[in-house]
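Per-entry structural report
If you want the building blocks of each chain, they are given just below.
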Amino acid sequence: MNGPWDVWSDCTPDCATHALPRVPATRIARRGAAFAHSVRRALTDGERLADPVRLRAHAAALLDALGVRVEGAAALTAGNGPGTLVVVNHISWLDVLALLAVEPVTLLAKREVGAWPVVGGLARRAGTHFIDRTSPRRLRHTVREVSELLGSGRSVAVFPQATTWCTADRGGFRRATFQAALDAGAPVRPVTLDYTQQGLPSTVAAFCGEDTFAASLRRVLAARALTVRVTAHPLLTVADGFPDRRELAERAERAVLGGRPQAGAGSGAVVWRAPVRAAFRSSLPVRESPVPGSPVPASGPAPDAPVPDAPVPDAPAHV
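Residue numbering note: each chain is counted from 1, following its sequence as written. Note on the predicted model: pLDDT of at least 70 is required for a residue's local features to be given, and 80 or more for side-chain atom pairs to be given and counted; whole-chain, interface and lining totals, by contrast, use all residues. Each side-chain value is derived from all of the structure's non-hydrogen atoms; neither hydrogens nor water enter the calculation.

With that settled, the discussion passes to the overall build of the chain. Each helix is a run of H or I in the DSSP string that is no shorter than four residues. Each strand is a run of E no shorter than two, and both are numbered from the N terminus. If you tally the helices and strands in the chain, you get eight helices and nine strands. A separation of at least 24 residues holds for 81% of the contacts in the chain among residues at least 6 apart in sequence. Carbon and sulfur atoms form 53% of the exposed surface of the chain, whose accessible area is close to 13,900 Å². In what follows, residue pairs with any heavy atoms lying within 4.5 Å of each other are defined as contacts. The Shrake-Rupley method, run with a 1.4 Å probe sphere, supplies the accessible areas, and residue values consider only the shown protein chains as cover.

In structure tokens:
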């Protein structure tokens, strides 16, 4: 246990299994080369990566290189006024890319993530807000920081489970960040992420226990027809009369972990098929970021290319 927000999960790397036969080695090689290329392009963007249009395009390109399809919610944030606290279940490092490909928001992550290979560099350049979970004294300060971000109009995405689980119906929510929403008068958007392979529930993307980034990446590269579905449930607002963070967190937890829309203020859970293949054949930005809900045809498969020689360093699990 590293801090007040850490929890124990009984999920292990053994939970991560393919629901379908793996793709051929030649396709794994093409995906590996395409992913390495997309990572280099994103990192080369430097501070410009924080621009929402570019960030969304890069996230979509990284998922596309991995062969991961996204089905995403039409909107994660509420629009005008305070920012939206987007609360999401946590399964994989792919969760972050899926959220950003749907709608770029400020991410809240433990500071260790900033030192991870690949993910850390992208997270820093994307404007991720890192927190120190090792000291109980920092908890109140972190809540205040999140409240200030929301009050300034910036939407923040958090993973209240504080660790990863292999499926979308396990774990529980920590309540601290919900206090930030109440203090800022900000709406809460419960969001459920789940992974499938040709419609079959799949745990292949799970990043749990003592898993490493390298091992997880190898599984994802070999996964056939992997899809991440991003389902946005109705907004929960102060006007709904939540007396405290406990009730607000419990309502959000039921919506997210139950995987079903719950009655509440705001628009209903609307799902659309998000465009994943970004046009990165020329310098960014290629075009305007598509209006959420506007389908863009995907282009053909990436050309054959050798797998990069440099191995991906290992990193411990848990975002």
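Next comes the rest of the account.
Right, let's get into the nonpolar core. Buried Ala, Val, Leu, Ile, Met, Phe, Trp, Tyr and Cys residues form a nonpolar core when they are joined through side-chain atoms within 4.5 Å. Exposure is judged per residue with a 1.4 Å probe applied to protein chains only, and the accessible area is read against the type maximum: over 50% gives exposed, under 20% gives buried, and values in between give partly exposed. Leu-66, Leu-76, Trp-93, Leu-94, Val-191, Leu-226 and Val-230 are the most contacted members of the largest nonpolar core, which has 60 residues in total. Sort the elements by how many residues they give to this core and helix H3 (residues 94–102) lands first, with eight residues. Counting residues in hydrophobic clusters, the runner-up holds 25 residues, among them Val-143, Phe-178, Ala-184 and Ala-186.

Within strand S3 (residues 106–110), five of the five residues are buried, which leaves the element mostly enclosed by the surrounding structure. In this sheet, strand S5 (residues 156–158) lies alongside S3 in parallel orientation, the contact comprising two bridges. Bridging from a neighbouring strand, Leu-107 pairs with Ala-157 of S5. Only strands that DSSP links by at least two bridges are regarded as paired with each other. The pairing of S3 with strand S4 (residues 129–131) spans three bridges and is classified as parallel. Bridging across to S4, Leu-108 finds its partner in His-129.

We now examine the pattern of salt bridges. We define a salt bridge as a contact between a side-chain nitrogen of Lys or Arg and a carboxyl oxygen of Asp or Glu at a distance within 4 Å. For the structure shown, the criterion picks out five salt bridges. The salt bridge involving Glu-250 is made with Arg-246; its shortest N-O contact spans 3.4 Å. Linking Glu-250 with Arg-246, this pair stays in helix H8 (residues 245–258), spanning four residues, or about one helical turn. Overall, the relative accessible area of 47% leaves Arg-246 in the partly exposed class. Look at the salt bridges and you will find they share partners, linking Asp-45, Arg-48 and Arg-54 into a network.

Pairing of aromatic rings covers Phe, Tyr and the six-membered ring of Trp, with a centre-to-centre limit of 6.5 Å; geometry is then stacked below 30 degrees between planes, edge-to-face above 60, and tilted otherwise. Scanning the entire structure with this criterion turns up three aromatic pairs. For the ring pair Phe-173 and Phe-178, a centre distance of 6.2 Å and an interplane angle of 25 degrees mean the geometry is stacked. Given a relative accessible area of 0%, Phe-178 falls into the buried group. Among the aromatic side chains, those forming a connected cluster through ring pairs are Phe-35, Trp-93 and Phe-213.

Let us look at the packing of helix H2 (residues 52–66) against H3. Axis geometry follows a simple rule: fit a line to the C-alpha atoms, using only the stretch in contact for helices, then measure angles between N-to-C directions, giving values from 0 to 180 degrees. Axis separation between H2 and H3 bottoms out at 7 Å; the angle between their running directions is 130 degrees. Considering their axes alone, H2 and H3 lie oblique with respect to each other. Where H2 crosses over H3, the handedness of that crossing is left-handed. Contact residues: Leu-55, Arg-56, Ala-59, Ala-60, Leu-62, Leu-63 and Leu-66 in H2; Leu-94, Leu-97, Ala-98, Leu-100, Ala-101 and Val-102 in H3. Taken together, the residues of the contact of H2 with H3 break down into 12 nonpolar, no polar and one charged. Convention used here: angles under 35 degrees read as roughly parallel, angles over 145 as roughly antiparallel, angles from 65 to 115 as roughly perpendicular, and any remaining angle as oblique. When the near helix sits turned anticlockwise from the far one by under a right angle, the crossing is termed left-handed; a clockwise turn instead gives a right-handed crossing. In the scheme used here, Gly and all other residues not listed as nonpolar or charged are polar, with Ala, Val, Leu, Ile, Met, Phe, Trp, Tyr, Cys and Pro taken as nonpolar and Asp, Glu, Lys and Arg as charged.

Across the nine residues of H3, nine count as buried, placing the element largely inside the fold. The complete set of buried residues in H3 reads Leu-94, Asp-95, Val-96, Leu-97, Ala-98, Leu-99, Leu-100, Ala-101 and Val-102.

Bringing empty space enclosed by the protein into the picture now. Two kinds of site are reported from a 1 Å grid over the protein atoms alone, namely cavities, where a 1.4 Å probe fits but cannot get out, and pockets, open sets with protein on both sides within 12 Å along at least five of seven lines, and residues are called lining when an atom falls within 4 Å of a point. Grid points are joined across faces, edges and corners, and a volume is the space filled by probe spheres set on the points. Going through the model one piece at a time under the given rule, you end up with five cavities of 30 Å³ or more. Taken as a whole, the largest cavity encloses approximately 260 Å³ of empty space. Among the elements of the structure, H2, H3, S3 and helix H4 (119–125) are those that each provide at least two residues to the lining of the largest cavity. Ranked by the residues each element gives to the lining of the largest cavity, the list is headed by H2, at four residues. When the residues that make up the lining of the largest cavity are grouped by side-chain class, the tally is 21 nonpolar, two polar and no charged.

On to the confidence of the model for the chain. Averaged over every residue, the pLDDT of the chain is 78; the share at 70 or more is 76%. Low pLDDT, under 50, characterises residues 259–319; the stretch is placed with 145 contacts to residues that sit more than four places away or in other chains. Per residue, pLDDT measures the predictor's confidence, with a range of 0 to 100.

This part covers the environment of Gly-258. Tracing the chain through its elements places Gly-258 in helix H8. Spatially, the C-alpha atom of Gly-258 lies 8.0 Å from that of Ala-168, the residues being 90 residues apart in sequence.

Moving on, we get to H8. Owing to its 3.6 residues per turn, the α-helix aligns residues three or four sequence positions apart on the same side. Each residue after the first adds 1.5 Å to the expected span of a helix. With 14 residues, H8 extends 19 Å from end C-alpha to end C-alpha; this agrees with the ideal 20 Å at 1.5 Å per step. Burial in H8 covers these residues: Leu-248, Ala-249, Ala-252, Ala-255, Val-256 and Leu-257. On the buried face of H8, the contacting elements are strand S2 (85–88), helix H6 (176–184) and strand S6 (188–197).

What follows concerns the packing of helix H1 (residues 25–44) against helix H7 (residues 213–222). Remark: H1 packs on H7, axes separated minimally by 9 Å, with the N-to-C direction vectors making an angle of 120 degrees. Between H1 and H7, the angle is such that the two are oblique. H1 and H7 meet at a crossing whose hand is right-handed. In contact with Ile-28, Arg-31, Gly-32 and Phe-35 of H1, H7 contributes Leu-217, Val-220, Leu-221 and Ala-222.

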